[in-house]
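# Commentary on secondary and tertiary structure
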Amino acid sequence: TQDELMIHKGPVRCLCVSKDGSLLISGSSDQTICITNVVTAPECPTYLRLTESDSGMLSGVCISYDNSVIVATATSGSIFLYDPTTPKPLGTHYDAHDMGANACDITLHDDRNLLATVGADYLAKLWYVDNYKLLPYTTLSGHSGQLLCCKFHLLDQSKLLLFTGSYDKTIIIWSVESGEKLHQSICHSSFIYSIALHEDQLVTCSSDKTVKVWGVGSGKTRTISVIPTSTQETLTEWESKQVNNWLSRLLPDHPPTELTGQDLATIELDELIDSLECGEEKDKARLKQSVCLLRAFGGIPNEFLCPISMEIMTDPVVMTDGHTYERSNITEWLSAGNCRSPFTNATLSAKSIVFWVCASFKAKFLFTF
């Protein structure tokens with residue numbers, strides 16, 4: 001079955017599950033952390049909040065083995081420590097990472113809670129958590145790009161490892177005991193956004209649209225399989241719903257159709273346009289151009305999707321980070337007090353929209369898709 005929990009007012013950016021499987025911890029851009037007991041009370045979540053003075057956005061959450069401590073990282077570089085029953089943090093470590101903290105994980109080490117955090121400063125930092133305070137353990141340096149994810153792993157029930165993934169497209173395996181870099185591999189052709197571990201398998205996912213499964217042994221990795229992924233279905237996979245969604249963006253007043261993506265891809269072009277019964281010649285010309293581009297691309301290119309909502313942009317604008325966003329989404333992002341790029345986490349040199357995408361782009365693509 002598929003259960004849908006509407007528990008945040010903003011986009012959910014990070015989550016974790018407690019070691020006993022009873023608690024789901026989610027963090028949102030609305031500055032809240034939600035604790036949901038999925039076993040006994042899934043409809044009665046409790047909420048934790050960032051400090052009002054912190055301008056960052058939640059980037060990572062984790063929970064200790066005994067469910068007594070919840071840790072959250074923020075794009076401001078701060079780390080927050082909570083008792084799950086108290087809405088405000090009992091401990092805050094400001095500026096733990098220059099330029100922002102991106103992810104965290106926690107484990108037991110010598111019967112103490114050991115926290116790992118990674119950030120835009122290219123560093124992984126390990127801390128002991130003691131009475132809601134952070135005590136520095138060690139700092140690990142080896143990546144050539146900001147770190148996006150981290151996970152602890154106990155190898156052979158004896159050797160504690162830390163895995164980190166980065167913008168530099170590599171995974172590094174670290175020995176927690178010595179701080180030594182045991183292994184580094186270029187695992188993807190683009191940024192590595194998330195990693196997970198189970199027994200002797202490592203799973204990595206990247207903006208290169210692949211998920212890779214690796215075998216882990218003796219502190220090294222070996223490829224087991226590659227699972228290609230895509231955020232968009234190809235044109236021939238579209239059902240009538242997707243066709244009508246595309247058609248309503250192109251011609252808002254056009255009535256629904258029963259055509260599928262397979263029809264758009266295979267029916268002779270003039271016959272297809274006639275079957276859609278567009279009265280205006282300009283609408284027919286726009287429709288014909290759109291179908292030609294859909295056939296050429298095999299669907300809607302990812303470049304036409306807003307990085308925040310992953311929906312087709314209809315009013316795209318470019319920010320100082322060089323990336324294009326839907327105007328309403330990036331405006332909401334800036335209005336929430338964020339000063340960093342939602343795509344790269346780099347500081348925006350100006351908290352305003354730099355320029356609008358040129359009219360020719362809109363004429364060619366926005367009217368098309």
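Position numbers for residues count from 1 along each chain, tracking the sequence in the order it is written. Reporting of local features is limited, given that this is a predicted model, to residues whose pLDDT is at least 70; pairs of side-chain atoms are given and counted only at 80 or more, and all residues count toward the totals for whole chains, interfaces and linings. Note that the side-chain values use all heavy atoms of the structure and ignore hydrogens as well as water.

### Regarding the overall build of the protein
Here a strand is any run of E in DSSP of at least two residues, a helix any run of H or I of at least four, and the numbering for each starts at the N terminus. Helix and strand counts for the protein come out as six helices and 23 strands. Residue burial is assigned from relative accessible area. The probe radius is 1.4 Å, only protein chains are included, and a residue is buried under 20% of its type maximum, exposed over 50%, and partly exposed in between. Split into buried and exposed, the 369 residues of the protein put 48% on the buried side. Considering only contacts within the protein whose residues lie at least 6 apart along the sequence, 41% involve residues at least 24 apart. Surface summary for the protein: the accessible area is close to 18,300 Å², and the carbon and sulfur share equals 51%. Here, two residues are considered to be in contact whenever any of their heavy atoms come within 4.5 Å of each other. To measure how exposed things are, a 1.4 Å probe is used in the Shrake-Rupley method; for residues, cover is taken only from the protein chains shown.

### Comments concerning unusual backbone geometry
Positive phi is not limited to glycine here, since Tyr 122 has a value of about 70°. By secondary structure assignment, the location of Tyr 122 is in the loop between strand E10 (112–119) and strand E11 (123–130). By relative accessible area, which is 39% here, Tyr 122 ends up partly exposed. Even without being glycine, Tyr 132 reaches a positive phi, approximately 65°.

### Examining the state of the cysteines
By disulfide we mean two sulfur atoms from cysteines, separated by a distance within 2.5 Å. By the definition in use, this model includes zero disulfides. A disulfide-free cysteine, Cys 62 has its sulfur positioned 3.5 Å from the sulfur of Cys 104, the nearest such atom. Residue Cys 62 is classed as buried on the basis of its relative accessible area of 3%. Looking at Cys 150, it has no disulfide partner, and the nearest cysteine sulfur is the one in Cys 104, 6.7 Å off.

### Quick notes on the sheet that holds strand E13 (residues 147–155)
Pairing between two strands requires that DSSP report at least two bridges joining them. The sheet built from four strands is open, its strands ordered E13-E14-E15-E16 with antiparallel pairing. The sheet is open, and its two borders are formed by E13 and strand E16 (181–186), each paired with just one other strand. Strand-to-strand, the axes of this sheet are offset by a mean angle of 15°, without reference to chain direction. Convention adopted: a line fitted to C-alpha atoms gives each axis, helices being fitted over their contacting stretch, and angles between N-to-C directions are expressed from 0 to 180 degrees.

### Quick notes on the nonpolar core
We define the nonpolar core as a collection of buried residues of types Ala, Val, Leu, Ile, Met, Phe, Trp, Tyr and Cys that are connected through side-chain atoms lying within 4.5 Å of one another. Residues Trp 238, Trp 246, Leu 264, Leu 276, Leu 287 and Leu 294 are the most contacted members of the largest nonpolar core, which totals 17 residues. Breaking this core down by element, the ones donating at least two residues are helix H1 (240–250), helix H3 (269–275) and helix H4 (281–297). In terms of residues, this core owes the most to one element, H1, which gives four residues. Not counting residues within four places of it along the chain, the set of residues in contact with Leu 287 comprises Trp 246, Leu 247, Leu 250, Ile 273, Leu 276 and Cys 278.

### Some thoughts on the side chain of Asp 168
On the secondary structure map, Asp 168 appears in the loop between strand E14 (159–166) and strand E15 (170–175). Here Asp 168 sits buried without a salt bridge, and the closest side chain of opposite charge, Lys 181, lies 8.1 Å off (N-O distance). For this analysis, a polar contact is any N or O atom pair within 3.5 Å, provided that within protein one partner can donate a hydrogen and the other can accept it, and provided that sequence-adjacent residues contribute only side-chain to side-chain pairs. At 3.0 Å, the side chain of Asp 168 and the side chain of His 143 are in polar contact. In terms of polar contacts, Asp 168 uses its side chain to reach the backbone amide nitrogen of Ser 144, at 2.9 Å. Other than its neighbours up to four places away in sequence, Asp 168 contacts His 143, Ser 144, Gly 145 and Gln 184. Positive charges come from Lys and Arg alone, negative charges from Asp and Glu alone, with His and the N- and C-terminal ends not counted. For salt bridges, the criterion is a side-chain nitrogen of Lys or Arg within 4 Å of an Asp or Glu carboxyl oxygen.

### Concerning the packing of aromatic side chains
Note on aromatic contacts: the rings of Phe and Tyr and the six-membered ring of Trp form a pair at centre separations within 6.5 Å, being stacked when their planes are under 30 degrees apart, edge-to-face when over 60 apart, and tilted otherwise. Applying the stated criterion across every chain, the model contains three aromatic pairs. Ring plane angle 70° and centroid distance 5.2 Å describe the contact between Tyr 128 and Tyr 137, whose orientation is recorded as edge-to-face. With relative accessibility at 29%, the residue Tyr 137 sits in the partly exposed group. Both rings, one in Tyr 167 and one in Phe 191, keep their centres 4.0 Å apart while their planes meet at 10°; by these two values the pair is stacked.

### A short note on the pattern of salt bridges
All told, the structure shown has three salt bridges when counted by the stated rule. For the salt bridge of Asp 270 with Lys 288, the shortest nitrogen-to-oxygen distance reads 3.1 Å. Taken together, the positions of Asp 270 in helix H3 and Lys 288 in helix H4 put the pair 18 residues apart, joining distant regions of the chain. Judged by relative accessible area, Asp 270 falls into the partly exposed class, the value being 40%. Owing to a relative accessible area of 32%, Lys 288 belongs among the partly exposed residues under this scheme. Among the ionic pairs, Lys 284 bridges to Glu 281, the shortest N-O distance being 3.9 Å. Of this pair, Lys 284 and Glu 281 both sit in helix H4, three residues apart, which is roughly one turn of that helix. For Lys 284, a relative accessible area of 24% gives the class partly exposed.

### A look at the environment of Ser 64
The residue Ser 64 is located in the loop between strand E5 (58–63) and strand E6 (70–74) in this model. With a relative accessible area of 1%, Ser 64 lands in the buried category. Excluding residues within four positions of it along the chain, Ser 64 makes contact with Val 69, Ile 106 and Asn 113. Here Ser 68 takes part through its backbone nitrogen, which lies 3.2 Å from a polar atom of the side chain of Ser 64.

### Considerations on the side chain of Ser 175
As for its position among the elements, Ser 175 is in strand E15. Apart from residues lying up to four places away in sequence, Ser 175 is in contact with Leu 160, Leu 161, Glu 180 and Leu 182.

### Let's talk about the sheet that holds E5
The antiparallel open sheet is built from four strands, whose spatial order is E5-E6-E7-E8. The sheet is open, and its two edges are formed by E5 and strand E8 (91–93), each paired on a single side. Along the sheet, successive strands turn relative to each other by an average axial angle of 15°, direction set aside.

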